[in-house]
Amino acid sequence: MKRSFFLVSPLFILIIMAGCTPLKKSPEPAPDQVEAVSGTEQPAEIAKTETTEPQIFEPGSFDNPKNCRECHRQIYEEWSHSMHSKAWTDQWYQPDFQLAHEETEGATDMLCGACHAPIAARTGQLPPADGSKFDQTSQQGISCDFCHTISGIDQMYNMGQISSPGPIKRGPRGDGRSLYHEVQYSELHTKADLCGSCHMVIHPANGTRIIDTWEDWKSNQYGKKGITCQDCHMTPTPGIAINPGRSSLMGKRRETVAFHGFIGGSSYIQEEMGNHAQAEMSREFLRAAAELKLAEKVTEDGTLELTVDVHNVGAGHKIPTGTTYIRIMWLQVEVADASGKVVYSSGQVDENNHVDPDAVFFRVLFRDADSNLTGKSWRAQSIGYDRRIPAKGMDSETYRIPLPAQGEYQITTRLMYRSVAQQSLDEIFTRTGQQLPPVVSVEMASAQTRVSR
Ligand code: HEC
Ligand code: HEC
Ligand code: HEC
Ligand code: HEC
Ligand code: HEC
């Protein structure tokens, strides 16, 4: 019962943007600075419209993941350190959610909550937006029983999964025996669509792609060959690896067991939450995704023409993907003379932990009603900036750098990544007083070369 992808389902038309109030005109911010600039805007006016109710079940209909832990120890361990388990409590999510709530007078509560707190949203515990009605199970984000009781997909965006909570747990096999629950084979659980309906966020009022991971995957070579999200993200190492073992006490031995850490780019957040092993896996994923290749020549007038090719060699979607309006990926370039003196640099981090605003950025930003660039997803009217590296594809940038004198020069280039821009954290601090630790950069790839003039 898949609906047309391009139609916004009445089920999810929760909000309609009734045009935003005029904002202060400011010079167009550099991509990395936009969050700081957008902090002083006035509330957007959003009108609520009539809507079909989403699926609602009795509180307690979904099992607490602690109950699954009794037998599925290893999987519980992995999941409890995943971002899915923190999807609601995440200190980096909450400020954005609360700001959306304030600026839209609550119109976004159920939209965001549907994905970030799916059990709360489906058991009538949201609203209120402060989570005060959440029980223990709802607090734990996207948990075991939510995913393993999905019985179908209604639409491939904005959380169209159909829930059938109860004794039947659906999974990729169906041949196991459990004393606690029934087991049923579900083809859907082996398909990217299971993930895609959440990893595909569309602005309900104007169709702007807020997150486009699934759609992007579907149309690229990975999607066409059926290499799924699970193939890459439900293994502990980058690439399509095996993970032999048992999924449960008393379970059968399997050639490979689905890993539940759902590793992505969030090494900084994982490190801050004390999950060092997950943070390291995340850095490995980031390093496996990209490669840099250089082509250089020096012209007769002594100008270095340096072309940096950024290749996406390991990710099944564009890099970066997901919340690329919060994340940044950028190029660092440094040219030093024979004595080590830096004669040119781009993309460096300053003493306030901000990235050089003139750097080459790979990310997405939206355009709001006043044509200003913004990282606030709920204000998006269209895409304002989108530069990312397609799966198995590349993008290149040419730098023209005057070399001051004759001699040898050392060139160093790096592809850098931050799962959150520092400006977002500064902005949270200004607004709420909540001080989040300075964001840490990860080097995804690097390349060096030498030239002489
Ligand atoms: C009493 C122990 C026990 C508890 C508690 C338990 N399970 Fe299981 N579960 C098993 C066993 C045993 C298997 C079969 C494993 C095998 O042989 O591969 C299994 C298999 C599964 C499968 C795989 C289905 C398939 O065939 O693909 C899923 C999914 C699952 N359990 C989910 C859950 C969830 C969700 C919970 C908590 C609500 C839970 N289990 C609680 C023992 C348990
Ligand atoms: C985001 C959704 C999601 C969450 C949350 C989740 N799972 Fe899974 N799980 C899956 C998918 C998808 C598979 C099948 C992956 C594959 O084999 O392609 C799976 C596989 C399994 C299996 C079968 C493993 C195997 O290889 O035989 C078990 C058992 C299981 N999950 C239990 C759990 C338990 C217990 C939790 C909570 C601690 C949990 N899952 C949380 C999506 C999820
Ligand atoms: C119910 C909605 C939902 C489903 C289903 C879902 N996800 Fe997620 N996923 C999320 C949300 C929300 C986050 C972000 C949580 C946060 O950072 O607070 C996330 C985060 C992630 C991350 C990022 C981790 C990081 O380190 O940045 C990966 C990777 C991921 N999911 C993979 C998957 C895969 C693979 C599946 C399918 C097996 C899946 N997800 C199913 C909602 C979902
Ligand atoms: C060929 C392997 C592969 C496939 C297929 C794949 N991914 Fe990824 N994914 C990666 C790698 C490697 C990274 C780390 C690079 C990065 O963070 O962009 C990543 C990063 C992510 C992130 C973190 C966001 C970011 O850019 O930091 C999310 C979320 C995610 N993937 C979700 C998905 C979903 C959902 C699917 C299926 C629709 C999927 N991935 C398919 C390899 C894959
Ligand atoms: C259809 C599902 C869905 C909806 C609706 C949704 N999100 Fe998300 N959100 C995700 C997924 C999936 C990710 C993880 C993507 C990634 O890792 O790049 C995410 C990640 C985030 C993050 C980053 C968290 C972190 O730890 O870095 C923030 C902040 C966020 N969402 C805020 C919101 C807000 C605010 C809303 C409502 C206006 C919202 N989201 C609505 C699916 C959703």
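Definitions and limits used
- Residues numbered from 1 in each chain as written.
- Chains lettered and ligands numbered in written order.
- Predicted model: local features only at pLDDT ≥ 70, side-chain atom pairs only at ≥ 80, totals over all residues.
- Helix = DSSP H or I, 4+ residues; strand = E, 2+ residues; numbered from the N terminus.
- Buried ≥ 20, exposed ≤ 12 C-beta atoms within 10 Å, placed from the backbone.
- Contact = placed C-beta atoms within 7 Å.
- Near = placed C-beta within 6 Å.
- Nonpolar A, V, L, I, M, F, W, Y, C, P; charged D, E, K, R; others polar.
- Pairing = 2+ DSSP bridges.
- Expected span 1.5 Å × (residues − 1).
- Core = buried A, V, L, I, M, F, W, Y, C linked by C-beta atoms within 7 Å.
- pLDDT = per-residue confidence, 0-100.
- Axes fitted to C-alpha atoms, helices over the stretch in contact; angles between N-to-C directions.

**Student:** Teacher, can you tell me more about the overall build of the protein chain here?
**Tutor:** Regarding its fold elements, the protein chain presents 15 helices and 20 strands. The buried share among the 453 residues of the protein chain stands at 44%. Relative to all contacts within the protein chain whose residues are 6 or more apart in sequence, the contacts with residues 24 or more apart total 65%.

**Student:** Help me understand the environment of Gly347, please; the structure alone is not making it clear to me.
**Tutor:** Relative to the elements of secondary structure, Gly347 occurs in the loop between β14 (342-346) and β15 (361-367). Linking Gly347 and Thr413, residues 66 residues apart in sequence, is a C-alpha distance of 9.8 Å. The residues contacting Gly347, other than those within four sequence positions of it, are Trp330, Leu331, Gln332, Val333, Val355, Asp356, Ala359 and Met416.

**Student:** Is there a simple way to think about the site of ligand 2 in this case?
**Tutor:** For ligand 2, the set of nearby residues contains 26 residues, the closest of which are His72, Cys144, Cys147, Pro172 and Gln230. The greatest single-element share of the shell around ligand 2, amounting to 3 residues, is contributed by helix α3 (residues 73-80). Residue composition of the shell around ligand 2, by class: 13 nonpolar, 11 polar and 2 charged.

**Student:** Honestly, the pairing of β14 in this entry has me stumped. Any pointers?
**Tutor:** Both faces of the sheet carry side chains from a regular strand, because those side chains alternate between them. Pairing of strand β13 (residues 328-337) with β14, which is carried by 4 bridges, proceeds in the antiparallel orientation. The residue of β14 that forms the bridge with Val335 is Tyr344. If you look at the hairpin formed by β13 and β14, you'll find 4 residues sitting between the two strands, and Gly340 has a positive phi there, around 95°.

**Student:** Would you take a moment to explain the site of ligand 1 for this structure?
**Tutor:** Neighbouring ligand 1 are 26 residues; Cys68, Cys71, Gly171, Gly176 and Gly251 lie closest to it. Listing elements by their share of the shell around ligand 1, those giving two or more residues are α2 (65-69), α8 (144-147) and β5 (168-171). Class assignment for the residues of the shell around ligand 1 results in 8 nonpolar, 11 polar and 7 charged.

**Student:** Would you mind going over helix α14 (residues 276-289) with me for this structure?
**Tutor:** In an α-helix, one full turn covers 3.6 residues, which means residues spaced three or four apart are oriented alike. Under the 1.5 Å per step criterion, the end-to-end length of α14 is 20 Å for 14 residues, consistent within 8% with the ideal 20 Å. Of the positions making up α14, those classed as buried are Gln278, Ala279, Met281, Ser282, Arg283, Phe285, Leu286 and Ala289. Turning to α14, the residues buried within the fold contact α13 (267-272), β11 (290-298), β12 (303-312), β19 (408-418) and β20 (442-452).

**Student:** Hey, could you run me through the nonpolar core in this one?
**Tutor:** Across soluble globular proteins, you tend to see nonpolar side chains buried next to one another. Core analysis: the largest hydrophobic core is formed by 90 residues, its most contacted members being Ala289, Ala290, Met329, Trp330, Leu415, Val420 and Met444. Apart from the residues within four sequence positions on either side, Ala290 is in contact with Val310, His311, Asn312, Val313, Ile319, Ile389, Leu415, Met444 and Ala445.

**Student:** Sorry, what's going on with the confidence of the model for the protein chain here?
**Tutor:** The predicted coordinates of low-pLDDT regions are not to be read in fine detail. The predicted model of the protein chain averages 89 in pLDDT, with 88% of residues at 70 or higher. Segment residues 1-52: pLDDT under 50, and 101 contacts once partners within four positions in sequence are set aside and those in other chains are kept.

**Student:** Is there a simple way to think about unusual backbone geometry in this case?
**Tutor:** Most peptide bonds take the trans configuration, and most residues that are not glycine carry a negative phi. Between Leu126 and Pro127 the backbone carries a cis peptide bond, its omega angle lying at -10°. Tracing the sequence through the fold places Pro127 in the loop between α6 (118-122) and α7 (136-139). That bond from Pro127 to Pro128 is cis: its omega, 5°, falls within 30 degrees of zero. Within the fold, Pro128 resides in the loop between α6 and α7. Located in the positive-phi region is Ser371, a residue other than glycine, with phi close to 65°. Looking at where Ser371 falls in the secondary structure, it is placed in the loop between β15 and β16 (373-374).

**Student:** How should helix α5 (residues 109-116) be read in this particular structure?
**Tutor:** A large share of α5 lies buried, amounting to 8 of its 8 residues. Residues Asp109, Met110, Leu111, Cys112, Gly113, Ala114, Cys115 and His116 constitute the buried set of α5.

**Student:** Help me understand the sheet that holds strand β18 (residues 394-402) in this model?
**Tutor:** Two strands in a sheet stick together by hydrogen bonds in their backbones, pointing the same way (parallel) or opposite ways (antiparallel). If you walk across this open sheet you meet the 3 strands as β11-β12-β18, and the pairing is antiparallel. Of all strands in the sheet, those with a lone pairing partner are β11 and β18, marking the two edges. Strand-to-strand twist in this sheet, taken as the mean axis angle between neighbours without regard to direction, amounts to 20°. Note: β11 against β12, 9 bridges, orientation antiparallel. Across the sheet, residue Glu296 finds its bridge partner in β12, namely Leu306.

**Student:** Just to check I follow, could you spell out the environment of Ser164 for this structure?
**Tutor:** Structurally, the position occupied by Ser164 is in the loop between β4 (161-163) and β5. Judged by C-beta crowding, with 13 C-beta atoms within 10 Å, Ser164 ranks as partly exposed. Distance from Ser164 to Thr149, taken between C-alpha atoms, is 5.4 Å for residues 15 residues apart in sequence. Not counting the four nearest positions on each side in its chain, Ser164 is found in contact with Thr149 and Ser151.

**Student:** What exactly am I supposed to notice about the environment of Gly152 here?
**Tutor:** Residue position: Gly152 is located in strand β3 (residues 150-153). Looking at Gly152, the number of C-beta atoms within 10 Å reads 14, which means it is partly exposed. Through-space distance from the C-alpha of Gly152 to that of Ser186 is 9.4 Å; in sequence the pair is 34 residues apart.

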